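Overview (structure and organization)
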Amino acid sequence: MDYFSGSGHEPLLVAAAHALDEQLKAVAGSDPTFLSVLEKEDLLLTLSSVRAKVEGLLVDALSVAGDVADEHGSRSAGAWLAAVLHDDGAVTGRMQRLAGDVCRHPELRTALRSGRMSVRHAEVIVRAVDAFGPDVPSAVRDEAVGHLIERAGEFAPAELRRLGDGILAVIDPASYDDAERAKLEAELARARAATRLTLRSAGDGVTRVSGVLPDSVAARLRIYLESFSSPRHDAATGAGEAPSRYLDPVTGRRLTHERVLGEAFAAMLECMDVDRLPIHGGDATQVVVTIDWKDLLAGTGVAMAGDEAIPVGEVRRLACQAGVLPAVLGGRSEVLDLGRSRRLFSKAQRRAMGLRQHTCAFNGCDVPGRWCEAHHLDPWSAGGKTDLARGVLICPRHHHVVHDERYVVTRLPGGAMTAVLRR
């Protein structure tokens, strides 16, 4: 069947569609290049008006063309139309959905048919009204639709969307408060139901973390991470020069934002106060690291944190942190020492260090002292004491460097620390 040829006895709508089709065919070879400026303006505006009216009629026809879908065994008239025209199913699908929505709003149907608005404007209005929730009276919905239709001639779809987001507050403030609360509660319920966190070990020393969090939780996490990564540049940093916390200590290259956030996450976990965490296994949530005494003194071998093996240098660094108990084993694996809080600097000592140091002790590092970790200049494994005079504040990145056997760490005459790779 030729769907584009008329029989001469069509109803008025079909006849008009065929007449428009024939007239456009008749001028298919005409070139608008040589029209005057005023004629081009007139042509552009008229064609845009015609397009809006044609799309409005198309949406109206789709809303009542369920019998066409039944005739051809299609799921909808839009799906049938896309198949016949070899058109994009997504486009006709949107038109089909709008056709169903227009049936609920007669005033919107009239505006589309008259060409007073585009299909995109209509979609924005439907979206805005559907977001009201089930408790908003139909009279309020109709008033909102009418108000947005009036504004459609003044605003582009994106601007109309912003107006639509707050239209209920203008039309009916009481309904807006109830609807907004119901909307936020529904969003929160969906977010909680979708919350996921997965940790998968890749078997190569790396665990991949992925998840879905409610926006409020993600926003709080972002603030915490930024507090450890400090996106601000220090005034002493030269123009265009990255602060040291943004540079790889080995290569000196600038770190990616993802790397900075990843290390900030690790630093945040290590700075958590275990005394405020829930009881886990009969004790405050802590990590017990076991290591042989000889390996600890020699700086060789590995330690075990649960089922995970970690280098000795990492044990020395972790021993400076609250929540990590170094369990030192003798020759027969008997526990020689189980580190307690006496090995950790007190809050008063940390405050005193902060008054003495405003930034990380490493030369050129501008990480604020309040974000740093307390470090023993004399390692506890070598008999060092938790003495204020022998304690310094070091940022998490440089704390790793201090306990990394690949580096030689020295103190400058003024007390600043530096590190270089062993040769």
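Residues numbered from 1 in each chain as written. Predicted model: local features only at pLDDT ≥ 70, side-chain atom pairs only at ≥ 80, totals over all residues. Heavy atoms only, no water.

**Topic: the overall build of the protein**
Selection criterion: Put simply, DSSP H or I for four residues or longer makes a helix, DSSP E for two residues or longer makes a strand, and each gets a number counted from the N terminus. Note on exposure labels: buried denotes an accessible area under 20% of the residue type's maximum, exposed denotes more than 50%, and partly exposed covers the range between, all computed with a 1.4 Å probe on protein chains only. Contacts between residues were defined by any pair of non-hydrogen atoms, one from each residue, lying within 4.5 Å. To be clear on the numbers: accessible area is Shrake-Rupley with a 1.4 Å probe, and residue cover counts the displayed protein chains and nothing else.
If you tally the helices and strands in the protein, you get 17 helices and 13 strands. Counting over 423 residues, the protein shows a buried share of 33%. In the protein, once contacts between residues fewer than 6 apart in sequence are set aside, the share between residues at least 24 apart is 52%. Split by element, the accessible area of the protein, about 26200 Å² in all, is 56% carbon and sulfur.

**A closer look at the pairing of strand β1 (residues 196-201)**
To be explicit about the condition: Between any two strands, pairing holds if DSSP finds at least two bridges.
Of all six residues that make up β1, zero are buried, and the element is exposed over most of its length. Of the strand pairs in this sheet, β1 and strand β2 (residues 207-212) are connected by six bridges, and their pairing is antiparallel. What sits directly across from Thr198, in β2, is Ser210. With antiparallel pairing between neighbouring strands as the criterion, β1 and β2 make up a hairpin whose turn holds five residues, including Gly203 at a positive phi of roughly 80 degrees.

**A few points about the environment of Arg190**
Within the secondary structure, Arg190 sits in helix α11 (residues 173-194). When its relative accessible area of 53% is taken as the criterion, Arg190 is described as exposed.

**With respect to the packing of helix α2 (residues 37-63) against helix α5 (residues 89-102)**
For the record, the criterion: Axis lines are fitted to C-alpha atoms, over the contacting stretch for helices. Their N-to-C directions set the angle, which ranges from 0 to 180 degrees. Here is the rule for angles: anything less than 35 degrees is roughly parallel, anything more than 145 is roughly antiparallel, 65 through 115 is roughly perpendicular, and the remaining ranges are oblique. Residues are grouped as follows: nonpolar covers Ala, Val, Leu, Ile, Met, Phe, Trp, Tyr, Cys and Pro; charged covers Asp, Glu, Lys and Arg; every other residue, Gly included, is treated as polar.
Contact pair α2 / α5: the axes reach a minimum separation of 8 Å and the direction vectors enclose 75 degrees. With respect to their mutual orientation, α2 and α5 come out roughly perpendicular. Note on element contacts: α5 touches α2 through Met95, Gln96, Leu98, Ala99 and Val102, opposite Glu55, Leu58, Val59, Leu62 and Ser63. Partitioning the contact of α2 with α5 into residue classes produces seven nonpolar, two polar and one charged.

**Things to note about the confidence of the model for the protein**
So the rule is basically this: Within a predicted model, pLDDT stands for the predictor's per-residue confidence, ranging from 0 to 100.
Of the residues in the protein, 71% have a pLDDT of 70 or more, and the chain-wide mean is 77. Confidence, expressed as mean pLDDT per element, reaches its minimum in the protein at strand β4 (residues 283-284) with 42 and its maximum at α2 with 93. Contacts from residues 231-242, a stretch scored under 50 in pLDDT, to residues over four places away or in other chains number 17 contacts. Within the model, the stretch residues 280-285 combines pLDDT values under 50 with seven contacts to residues more than four positions away or in other chains.

**Here we look at the pairing of strand β11 (residues 391-394)**
Across a regular strand the side chains alternate sides, sitting on one face of the sheet and then on the other. On β11, burial covers both faces: Gly391 and Leu393 on one face and Val392 and Ile394 on the other are all buried. In terms of strand pairing, strand β10 (residues 373-376) meets β11 through four bridges, oriented antiparallel. When the bridges of β11 are listed, Ala374 appears paired with Leu393.

**A closer look at the side chain of Glu123**
Residue position: Glu123 is located in helix α7 (residues 119-130). Glu123 has contacts with Arg94 and Leu98, leaving out every residue within four places of it along the chain.

**Re a nonpolar patch on the surface**
Rules: Each patch is assembled from residues with relative accessible area greater than 30% and no salt bridge, linking like charges that lie within 9 Å and nonpolar side chains (Val, Leu, Ile, Met, Phe, Trp, Tyr) that lie within 5 Å. Criterion for a salt bridge: a side-chain nitrogen of Lys or Arg within 4 Å of a carboxyl oxygen of Asp or Glu.
A contiguous nonpolar patch, built from Leu20, Leu24, Val27, Val50 and Val54 and spanning about 360 Å² of accessible area, is present on the exposed surface. Only α1 (12-26) and α2 provide two or more residues apiece to the nonpolar patch.

**Some details on the pattern of salt bridges**
Taken as a whole, this structure holds 13 salt bridges when the rule is applied. With a shortest N-O distance of 3.9 Å, Arg151 and Glu150 are connected by a salt bridge. Taking the relative accessible area as the measure of exposure, Arg151 reaches 25% and is therefore partly exposed. Look at the salt bridges and you will find they share partners, linking Asp21, Glu22 and Lys25 into a network.

**Considerations on the state of the cysteines**
By definition, a disulfide links the sulfur atoms of two cysteines through a covalent bond. As a reminder, the rule being used: Here, two cysteine sulfur atoms that lie within 2.5 Å of each other are counted as a disulfide.
Inspection of every chain in the model, using the stated rule, returns zero disulfides. Looking at the unpaired Cys372, the closest cysteine sulfur is the one in Cys360, lying at 4.9 Å. Overall, Cys372 belongs to the buried group, its relative accessible area being 2%.

**With respect to the packing of helix α4 (residues 77-85) against α5**
To keep things clear, this is the line we draw: Take the far helix as the reference: if the near one is turned anticlockwise from it by less than a right angle, the crossing is left-handed, and if turned clockwise, right-handed.
α5 packs onto α4 with a crossing angle of 150 degrees between their chain directions and a minimal axis gap of 8 Å. In terms of orientation, α4 lies roughly antiparallel with respect to α5. Viewed along their axes, α4 and α5 form a crossing whose handedness is right-handed. Counting all contacts with α4, which are made through Ala77, Gly78 and Ala82, the residues of α5 involved are Gly89, Thr92 and Gln96. Residues belonging to the contact of α4 with α5 are distributed by class as follows: two nonpolar, four polar and no charged.

**What about the nonpolar core?**
Let me state the cut-off plainly: In this description, a nonpolar core means a group of buried Ala, Val, Leu, Ile, Met, Phe, Trp, Tyr and Cys residues linked to one another through side-chain atoms lying within 4.5 Å.
With 31 residues, the main nonpolar core has Val59, Leu98, Leu108, Met117 and Ile125 as its most contacted residues. Mapped by element, the contributors of at least two residues to this core are α2, α5, α6 (106-114), α7, α8 (138-152) and α10 (167-171). Of all the elements, α7 adds the most residues to this core, at seven residues. With near-sequence residues (within four places) excluded, Val59 lies in contact with Met95, Leu98, Ala99, Val102, Leu112 and Val119. Counting residues in each nonpolar core, the second largest holds 19 residues, with Phe345, Met353, Ile394 and Val401 among its members.

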